[in-house]
Amino acid sequence: MTKVKFFDTVDDGLLKFAVIIAKSDNKWVFCKHRERETLEVPGGHREPGESILETAKRELYEESGAIDFSIEPVCVYSVIREDILDGEESFGMLYFAEIRRFEGELHSEIERIMLSEELADNWTYPEIQPKLLEEAARRGFV
C-alpha cells in the first residue's frame, strides 16, 4: 500500500526528490523511460550539495530537454510504501513548470517525451503521480 501526504514545508534536509509537473503550449509533458512502457512526469533524486530547486531544474532538463522554462514550487509531498525501505517516509518537492523551448535531443535514460492534451493513463507510478497532479490542481497550478 502507498500513502501520499502533502505539506507546505518541511526541513530542507528531508527533501530527497524533486518532481516536476510540466506543460508546454498548454499540453502536458510526459517522459517515457527507455526501459519501461509507461509514462511519468520529470523528476529524480537530489544530488549531494544541490539545492532542491537545482535538482528540479537539472531533472527537468535531463528528462525533457527543457532549456527555456519557468518553474515554481507547488508543495512538499511524502510517500510511504510498505514494500520499500520498510515503510519509511520519503519526502520530495513538487514543482510546476511551463516549458517554452526544448533542446533537440535528450541526454538521459529517457527515450522520448510526449506532449498531450490528456493526462496519461499508463503511469509508471500510478499510486503516486496522479495524486501529485490532483494536489497541484487543488492548489491552483494546473
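Above this text sits the structure in question.
Residues numbered from 1 in each chain as written. Predicted model: local features only at pLDDT ≥ 70, side-chain atom pairs only at ≥ 80, totals over all residues. Heavy atoms only, no water.

A. Quick peek at the overall build of the chain. Secondary structure summary: the chain contains two helices and seven strands in total. Counting helices and strands in the order they occur from the N terminus, the chain gives β-β-β-β-α-β-β-β-α. Expected size for 142 residues packed as a compact globule is a radius of gyration near 14 Å; at 14 Å, the chain falls within 12% of this value. Counting only residues that meet the buried cut, the chain has 44% of its 142 residues in that class. Carbon and sulfur atoms make up 47% of the accessible area of the chain, which amounts to about 7,800 Å² in all. (Helix = DSSP H or I, 4+ residues; strand = E, 2+ residues; numbered from the N terminus. Rg over C-alpha atoms; globule rule 2.2 N^0.38 Å. Buried < 20%, exposed > 50% of the residue type's maximum accessible area, 1.4 Å probe, protein only. Areas by Shrake-Rupley, 256 points an atom, 1.4 Å probe, with all protein chains shown as cover.)

B. Representation of the pattern of salt bridges within the structure. Applying the stated criterion across every chain, the model contains 12 salt bridges. Note that Asp8 and Arg139 form a salt bridge whose closest N and O atoms lie 3.0 Å from each other. Highlighted residues: Asp8 in the loop between strand E1 (2–7) and strand E2 (15–24) and Arg139 in the segment after helix H2 (129–138), separated in sequence by 131 residues. Arg139 is paired through a salt bridge with Glu135; the nearest N and O atoms lie 2.7 Å apart. (Salt bridge = Lys/Arg side-chain N within 4 Å of Asp/Glu carboxyl O.)

C. Seen up close, the environment of Glu54. Looking at the element boundaries, Glu54 is found in helix H1 (residues 52–64). Separated by 2.7 Å, the side chain of Glu54 and the backbone nitrogen of Ser51 make a polar contact. (Polar contact = N/O pair within 3.5 Å; in protein donor to acceptor, adjacent residues only side chain to side chain.)

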